[in-house]
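# Summary of structural features
The chain contents come next:
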Amino acid sequence: MKSRISVQLAIMMFLQFVIWGAWYGQLSKYLLAINFTGTQVGNIYATFSIAMIVSPFFVGMIADRFMNAERVLGILNLVGAALLYSLTQTTDYNTFYFLMLLYCLSFAPTIALTASISMRQMTNPEKQFPPIRVLGTVAWIAVTNLIGSMGWGDKVTIFYISMAVAIVLGLYAFTLPKTPPVTTGKASFGQILGKDAFGLFKNTSFTIFFFSSVAICIPLSFYYAFGNPSITDAYKNAFIAANPGALLPDTFYVENKMSLGQVSEVVFMLLLPFAYGKLGIKNILILGLVAWIVRFVCFGYGDADSNSWMLYAGIILHGICYDFFFVSGMIYTDQKAGEKIKSSAQGLISLATYGIGMWIGSVLSGIVKDKYTTGSGATAVTNWTSVWLVPAGIAAVVLVLFFLLFRNDAKTKTA
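As the structure is a prediction and not an experimental result, all values here were calculated from the model. (Residues numbered from 1 in each chain as written. Predicted model: local features only at pLDDT ≥ 70, side-chain atom pairs only at ≥ 80, totals over all residues. Heavy atoms only, no water.)

### Looking at the overall build of the chain
Let me state the cut-off plainly: Note on conventions: DSSP H or I runs of at least 4 residues are helices, E runs of at least 2 residues are strands, and numbering of each starts at the N terminus. Burial here depends on accessible area, computed with a 1.4 Å probe over protein chains only, as a share of the maximum for the residue type. Under 20% is buried, over 50% is exposed, and the range in between is partly exposed. Whether two residues are in contact is decided by their heavy atoms, any of which lying within 4.5 Å being enough. Reported accessibility uses the Shrake-Rupley method at a 1.4 Å probe radius. Residues are deemed covered only where the shown protein chains occlude them.
The number of helices and strands found in the chain is 16 helices and two strands. Relative to its full complement of 415 residues, the chain shows a buried share of 53%. In the chain, of all internal contacts separated by at least 6 residues, the share reaching a separation of at least 24 is 83%. When the accessible surface of the chain is split by element, carbon and sulfur atoms take 66% of a total near 17800 Å².

### A few points about helix H11 (residues 260-279)
Going by this rule: Values of bend correspond, residue by residue, to the angle between axes fitted over the seven residues ending at that residue and the seven starting there.
Taken as a whole, H11 carries its principal kink of about 40° at Leu272; the proline Pro273 stands between one and four residues after it. Where H11 ends, the next residue or the one after it, Gly280, has phi of about 85°, a positive value.

### Considerations on the packing of helix H12 (residues 281-301) against helix H16 (residues 384-405)
Short version of the rule: Lines fitted to C-alpha atoms define the axes here, with helix axes fitted over just the stretch in contact, and angles between the N-to-C directions of these axes take values from 0 to 180 degrees. We call two directions roughly parallel when the angle between them is under 35 degrees, roughly antiparallel when it is over 145, roughly perpendicular when it lies between 65 and 115, and oblique otherwise. Helix crossings fall into two classes, left-handed where the near helix is turned counterclockwise from the far one by less than a right angle and right-handed where it is turned clockwise.
Running from N to C, H12 and H16 cross one another at 165°; their axes reach a closest spacing of 8 Å. Considering the angle they form, H12 stands roughly antiparallel to H16. For the pair H12 and H16, the crossing hand works out as left-handed. Facing H12, whose interface residues are Lys282, Leu285, Ile286, Leu289, Val290, Trp292, Ile293, Phe296, Val297, Phe299, Gly300 and Tyr301, H16 presents Trp384, Thr385, Trp388, Leu389, Pro391, Ala392, Ala395, Ala396, Val398, Leu399, Phe402 and Phe403.

### Re the packing of aromatic side chains
The criterion, for reference: The pairing test for Phe, Tyr and Trp rings, Trp by its six-membered ring, is centres within 6.5 Å, and the orientation test on the planes gives stacked under 30 degrees, edge-to-face over 60, and tilted for anything in between. Remark: a charge is flagged as sitting over a ring if the NZ atom of Lys or the CZ atom of Arg is within 6 Å of the ring centre and within 35 degrees of the ring normal.
Tallied over the full model, the rule gives 41 aromatic pairs. Residues Phe201 and Phe210 carry aromatic rings whose centres are separated by 4.8 Å and whose planes lie at 90° to one another, so their mutual orientation is edge-to-face. With relative accessibility at 9%, the residue Phe210 sits in the buried group. Each ring, one from Phe206 and one from Tyr332, has its centre 6.5 Å from the other, and the planes form 20°; the classification is stacked. Taken together, the residues Phe206 in helix H9 (residues 204-242) and Tyr332 in helix H14 (residues 318-337) connect sequence positions 126 residues apart. We classify Phe206 as buried; its relative accessible area is 0%. Tyr332 gets classed as buried once you look at its relative accessible area, which sits at 0%. Positioned above the aromatic ring of Phe403, the side-chain terminus of Lys282 is 5.5 Å from the ring centre. The ring of Tyr372 has Lys371 sitting right over it, with the charged end atom 5.7 Å from the ring centre.

### A closer look at the confidence of the model for the chain
If pLDDT is low for a region, its predicted coordinates should not be looked at in detail. Heads up, the rule is: pLDDT measures the predictor's confidence residue by residue and takes values from 0 up to 100.
The share of residues in the chain with pLDDT of 70 or more is 90%, and the mean pLDDT across the chain is 88. Of all the helices and strands in the chain, helix H8 (residues 189-193) carries the lowest mean pLDDT, 54, while helix H7 (residues 157-172) carries the highest, 98. A low-confidence stretch, residues 410-415 (pLDDT under 50), is modelled with ten contacts involving residues beyond four sequence positions or located in other chains.

### Structural notes on the nonpolar core
The test is simple: Only buried Ala, Val, Leu, Ile, Met, Phe, Trp, Tyr and Cys residues count toward a nonpolar core, and they belong to the same one when joined by side-chain atoms within 4.5 Å.
Counting residues in hydrophobic clusters, the biggest one holds 124 residues, and the most contacted among them are Trp23 and Phe96. Sort the elements by how many residues they give to this core and H9 lands first, with 18 residues.

### Regarding the pattern of salt bridges
Stated formally: Here, a salt bridge means any side-chain nitrogen of Lys or Arg that lies within 4 Å of a carboxyl oxygen of Asp or Glu.
As enumerated under the stated definition, the model contains two salt bridges in all. Of the charged contacts in the structure, one is a salt bridge between Lys29 and Glu255, with a shortest N-O distance of 3.0 Å. Note that Lys29 is positioned in helix H2 (residues 27-33) and Glu255 in helix H10 (residues 254-258), a separation of 226 residues in sequence. Like Glu255, Lys29 is buried. The salt bridge involving Lys155 is made with Asp154; its shortest N-O contact spans 2.9 Å. Overall, the relative accessible area of 30% leaves Asp154 in the partly exposed class.

### Some details on the environment of Ser362
For the record, the criterion: For this analysis, a polar contact is any N or O atom pair within 3.5 Å, provided that within protein one partner can donate a hydrogen and the other can accept it, and provided that sequence-adjacent residues contribute only side-chain to side-chain pairs.
Assignment of secondary structure puts Ser362 in helix H15 (residues 342-371). Here Ser362 falls in the buried class, since its relative accessible area comes to 3%. For Ser362, the residues in contact, after removing those within four places along its chain, are Gly42, Tyr45, Ala46, Ser49 and Ser221. Among the polar contacts listed, one links the side chain of Ser362 to the backbone oxygen of Met358, at a separation of 2.8 Å.

### Comments concerning the side chain of Asn77
Locating Asn77 in the fold gives a position in helix H4 (residues 69-88). A polar side-chain atom of Asn77 sits 2.9 Å from the main-chain carbonyl oxygen of Leu73. With near-sequence residues (within four places) excluded, Asn77 lies in contact with Ile19, Thr110, Ala166, Leu169 and Gly170.

### Structural notes on the side chain of Gln26
Positionally, Gln26 belongs in the loop between helix H1 (3-23) and H2. Given a relative accessible area of 3%, Gln26 falls into the buried group.

### Describing a nonpolar patch on the surface
As a reminder, the rule being used: Two distance rules govern patches: like charges are joined within 9 Å, and nonpolar side chains (Val, Leu, Ile, Met, Phe, Trp, Tyr) within 5 Å, applied only to residues with over 30% relative accessible area and no salt bridge.
A contiguous nonpolar surface patch, about 710 Å² in accessible area, is contributed by Phe66, Met67, Ile75, Leu78, Val79, Ile167, Leu171 and Phe174. Every element with two or more residues in the nonpolar patch is listed here: H4 and H7. If one sorts the elements of the nonpolar patch by residue count, H4 sits on top with three residues. Position of Ile167 among the secondary structure elements: in helix H7.

### Topic: the environment of Gly74
Relative to the helices and strands, Gly74 is located in helix H4. It is 4.9 Å that separates the C-alpha atoms of Gly74 and Ala173, two residues lying 99 residues apart in sequence.

### Focus: the environment of Ala173
By the element assignment, Ala173 lies in the loop between H7 and H8. Here Ala173 falls in the buried class, since its relative accessible area comes to 0%. It is 7.5 Å that separates the C-alpha atoms of Ala173 and Met12, two residues lying 161 residues apart in sequence. In this structure, Ala173 is in contact with Glu70, Leu73 and Gly74, ignoring residues within four places of it in sequence.

Given below as structure tokens:
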């Protein structure tokens, strides 16, 4: 791959994740600031999961068959920029929900498109893609630190940042290397869905892994939807206790602290090959599940005073939680699928986890948040310990069932 193309793809990936990172982790804080309920926040987060369910069909029917991928990426980003602007103009729940659903439907396909455009230009994706993809994580860390430092986490500014960068990427996409469709002709609904991958369910262990992946995405949604407000409340309460009557500072740098999760994600991604050699796939997956339980207990009982280390531990455990279960799960799926249905199998797992699992989790997290919240608006008080014990309990059930029922009957390959 030419160095010029490598730079182009790196810039594309950086811009892609600035757009996503600017709003995703901070969305709940902004919505609570404009007096949305926990249930409403959960429902709005669920629009992303709905879009992730629809996305494979869109990419499969349009970008893979009828139009250059870089052009589709450009058009979707420009449409998305217009929808992001519309989101800045409303605080009505019904209107916001509808616009957010439309925006997510325009954004979700771009995640697969940027990966597809990158890999289509590469001669050795296994070696060349990781250095390009890591720019996305760097972008997420950079934009969340900017937002945290400026105190914009609960401001409409998060959408203006995404909008501005979406316009840049929308125009920039048309300068990317041409990535024409690779398939011609019509495809059946079953082919787009990846029906061949359903044969994997004949294997009991894969079935256990599949449903465990769906179930563990429920706790994952709790973190994405309410991690930021929970940690913000912890620091706010500690400040009020230590400084009664004082004005609250503009920012508690929560976004900066939470970006440590992405840092740990990179670290544990690098450690994953060594873990494979020492532990094997089942133990790695179990370790990932244990980490989910521990992190939610840390969030539930940590505070910003005597136990602030627990909040940091919960954040930093994100690397183990995500890499040791989800990334390892992708590798396990790849091993089980074989050469002919690799793509279909990965698509099936993505649809189940980011689609079905996180949709359930987003809706449930909002309901649970409201159940343990008293008051409303600026006077609302949430019992975050009770909230976080719910996903901890779900993760514990998944761990027990997975430990008892999963058998790795496939020959494990080292990374």
